[in-house]
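# Observations on chain architecture
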Amino acid sequence: QVQLVGSGGGLVQAGGSLRLSCAASGSRFSLHAMGWYRQAPGEQRELVAIISGGGSTTYAESVKGRFTISRDNGKNTVYLQMNSLKPEDTAIYYCTADILFGLKLSTYWGQGTRVTVSS
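Below, the structure is looked at part by part. (Residues numbered from 1 in each chain as written. Predicted model: local features only at pLDDT ≥ 70, side-chain atom pairs only at ≥ 80, totals over all residues. Heavy atoms only, no water.)

Before going further, it helps to spend a moment on the sheet that holds strand S1 (residues 2-7). With antiparallel pairing, the 4 strands of this open sheet are ordered in space as S1-S3-S8-S7. With partners counted over all chains shown, the strands left at the sheet margins are S1 and strand S7 (67-72), one partner each. Between one strand axis and the next, the sheet turns through 15 degrees on average, direction left out of account. Summarising the sheet, S1 and strand S3 (residues 18-26) pair through 6 bridges and their orientation is antiparallel. Looking at the pairing, Gln3 lines up with Ser25 of S3. (Pairing = 2+ DSSP bridges. Helix = DSSP H or I, 4+ residues; strand = E, 2+ residues; numbered from the N terminus. Axes fitted to C-alpha atoms, helices over the stretch in contact; angles between N-to-C directions.)

Laid out in structure tokens, this is it:
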């Protein structure tokens, strides 16, 4: 079994920063692309950022220049550094990872961590 556990959410004022983390646990698996999505109340889940196994990154236009995704392959962890936060960044943030477990490549999701940005 493989699990993704996210952490680091919370309440912050506009203009502040937060760092989200998400660690994969289990045994005998390999991580490929990892990323973050978010879902605001009443909205659909949307992509925030993705990082490939080789370190290439993709960002939503709304977060470019403010958010940075990174990964530590030794710790099986993906991070999302969020700076200059805006009230519209308020959402539940979900980490995701494409994981090869055995012979099967699947997309796994973390449990979500809430980020609230006050104005």
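Moving on from the coordinates now.
Where a strand is regular, its side chains alternate between the two sheet faces. Bridge count for S3 against strand S8 (residues 77-82) is 6 bridges, and the pairing is antiparallel. When the sheet's bridge partners are listed, Arg19 is paired in S8 with Gln81.

Moving on, we get to the packing of aromatic side chains. Applying the stated criterion across every chain yields a total of 1 aromatic pair. Positioned over the ring face of Trp109 is Arg45, at 4.8 Å from the centre of the ring. (Phe/Tyr/Trp six-rings, centres within 6.5 Å; stacked < 30°, edge-to-face > 60°. Lys NZ or Arg CZ within 6 Å of the ring centre and 35° of its normal.)

Burial along S7 is one-sided: the residues Phe67, Ile69 and Arg71 are buried and none of Thr68, Ser70 and Asp72 is. Pairing between S7 and S8: 6 bridges, direction antiparallel. Bridging from a neighbouring strand, Asp72 pairs with Thr77 of S8. Between S7 and S8, which pair antiparallel one after the other, the connecting turn spans 4 residues, and Asn76 there sits at a positive phi close to 50 degrees. (Buried < 20%, exposed > 50% of the residue type's maximum accessible area, 1.4 Å probe, protein only.)

A few words now on the pattern of salt bridges. Under the defined criterion, the tally for this structure stands at 4 salt bridges. Linking Asp89 and Arg38 is a salt bridge whose minimum nitrogen-to-oxygen distance equals 2.9 Å. Taken as a pair, Asp89 in the loop between S8 and strand S9 (91-101) and Arg38 in strand S4 (residues 29-39) lie far apart in primary sequence, 51 residues in all. Residue Asp89 shares its accessibility class with Arg38, and that shared class is buried. Taking the shortest distance from any N to any O, the salt bridge between Arg66 and Asp89 comes out at 2.7 Å. Here Arg66 is found in the loop between strand S6 (57-59) and S7, whereas its partner Asp89 is found in the loop between S8 and S9, with 23 residues between them in sequence. Each member of the salt-bridge network shares a partner with another, and the members are Arg38, Glu46, Arg66 and Asp89. (Salt bridge = Lys/Arg side-chain N within 4 Å of Asp/Glu carboxyl O.)

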